[in-house]
Amino acid sequence: MSQRPRLSDILYGDMLGRIQRGQFPGDGKLPSEKELSQSFGVSRPIVREALRRLREEGLIQSRQGAGSFVVGVAEPPPRLANGGQGIQTISDVRRIYEFRVALEGEVAYAAALNRNEALLAAVKGELDAIDQAIRTGKIGVQQDSDFHTAIARATQNQYFEAALAAVRPHLDYVIDLARSFSMLHSAGHLAMVQREHAAVYEAIRDGDAVKAREAMQAHIRNAQERVFDGIHL
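Residues numbered from 1 in each chain as written. Predicted model: local features only at pLDDT ≥ 70, side-chain atom pairs only at ≥ 80, totals over all residues. Heavy atoms only, no water.

Participant: Is there a simple way to think about the overall build of the protein in this case?
Facilitator: Counting its regular elements, the protein contains ten helices and two strands. Long-range contacts, defined here as pairs at least 24 residues apart, represent 73% of the contacts in the protein between residues at least 6 apart. Of the roughly 11500 Å² of accessible surface on the protein, 51% is carried by carbon and sulfur atoms. (Helix = DSSP H or I, 4+ residues; strand = E, 2+ residues; numbered from the N terminus. Contact = heavy atoms within 4.5 Å. Areas by Shrake-Rupley, 256 points an atom, 1.4 Å probe, with all protein chains shown as cover.)

Here it is, written out as structure tokens:
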């Protein structure tokens, strides 16, 4: 089984690339942990983990009372071994969430207007599959992704479905990021995430397109906050 993605891995690769390109020059002082956190828009624990990896590989060195300095020349960073196919920086992750809010909000809107009983039942089936994954302690990436795919299918617009399918590896990767974080927390936290899914389903079931769009956009924005800020309780 492949290792679950972590935002610190992406930040590590992002910083590694900057060192290699000379944006963090040799013997140059890195910004402080606080400044890096603000610059990349991630929590300080994520920054600490990325810095730890860079220190272990001999690329940076901590100097007592002075901060961290670049001391090694990095080879060009390898492509990340993940299903995201092109997700290499923190900015890439943010762009995916921005894209999801725009696309999937409209997908949910269209699904609420165009779903039929069979398509709605398929969405409910995927919602129930996520519940089952949670009960059995699984991370539920496949089930979560299938839930979003079923909503696209419920639009009865093949272009929505094709657009989502085309970027599914990227979507699966950020879903994995968010659900990996959720698995570290309480059952109450997982239940909260599932309530967001249920709110989307219920709005689609009720034919409330505006509410469906809002519920989907809120769910995706909350997922982004869970990944970047580490909390959303």
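Okay, back to it.
Participant: When you look at the packing of aromatic side chains in this model, what are you seeing that I'm missing?
Facilitator: Centre-to-centre distance and the angle between the planes together describe a pair of aromatic rings. Per the counting criterion, the structure on display carries zero aromatic pairs. Geometry around Tyr12 places Arg53 over its ring, the cationic atom sitting 3.7 Å from the centre. (Phe/Tyr/Trp six-rings, centres within 6.5 Å; stacked < 30°, edge-to-face > 60°. Lys NZ or Arg CZ within 6 Å of the ring centre and 35° of its normal.)

Participant: For this particular structure, what's the right way to read the packing of helix H2 (residues 33-40) against helix H3 (residues 44-56)?
Facilitator: Each packed pair of helices is defined by two parameters, the angle between the axes and the distance between the axes. The interhelical angle for the contact between H2 and H3, taken along N-to-C directions, is 110 degrees, at an axis separation of 9 Å. As far as their axial angle goes, H3 and H2 are roughly perpendicular. Seen from above, H2 lies across H3 with right-handed handedness. Contacts from Glu33, Lys34, Leu36 and Ser37 in H2 reach Arg44, Val47, Arg48 and Leu51 in H3. The residue makeup of the contact of H2 with H3, split by class, is three nonpolar, one polar and four charged. (Axes fitted to C-alpha atoms, helices over the stretch in contact; angles between N-to-C directions. Parallel < 35°, antiparallel > 145°, perpendicular 65-115°, else oblique. Left-handed = near helix turned anticlockwise from the far one by under 90°. Nonpolar A, V, L, I, M, F, W, Y, C, P; charged D, E, K, R; others polar.)

Participant: Got a minute to help me understand the pairing of strand S2 (residues 67-70) in this structure?
Facilitator: Consecutive side chains along a regular strand alternate between the two faces of the sheet. Bridge count between strand S1 (residues 60-63) and S2: four bridges; the pairing is antiparallel. Across the sheet, the residue bridging to Ser62 is Ser68, located in S2. Hairpin remark: S1 followed by S2, antiparallel, with three residues in the connecting loop; positive phi at Gly65, about 75 degrees. (Pairing = 2+ DSSP bridges.)

Participant: Help me understand helix H5 (residues 117-135) in this model?
Facilitator: Counting along an α-helix, one turn takes 3.6 residues, and residues three or four places apart therefore face a common direction. Helix length check: H5 (19 residues) gives 27 Å between terminal C-alpha atoms against 27 Å at 1.5 Å per residue, within 8%. Among all positions of H5, only Leu119, Leu120, Val123, Leu127, Ile130 and Ala133 are buried. The arc that holds every buried residue of H5, seen down its axis, measures 135 degrees, which confines them to one face. Turned more than 90 degrees away from the buried face of H5 sit Glu117, Ala118 and Arg135, all of them exposed. Sitting at the head of H5, Asn116 places a side-chain oxygen 3.1 Å from the backbone nitrogen of Ala118. Gly137 sits one or two positions beyond H5 and adopts a positive phi of about 75 degrees. (Expected span 1.5 Å × (residues − 1). Buried < 20%, exposed > 50% of the residue type's maximum accessible area, 1.4 Å probe, protein only. Arc of directions from axis to C-beta. Polar contact = N/O pair within 3.5 Å; in protein donor to acceptor, adjacent residues only side chain to side chain.)

Participant: How should I be thinking about the environment of Leu190 in this particular structure?
Facilitator: For Leu190, the location among the structural elements is in helix H9 (residues 187-205). Judged by its relative accessible area of 11%, Leu190 is buried. Taking the C-alpha atoms as reference points, Leu190 and Ile134, separated by 56 residues in sequence, lie 7.5 Å from one another.

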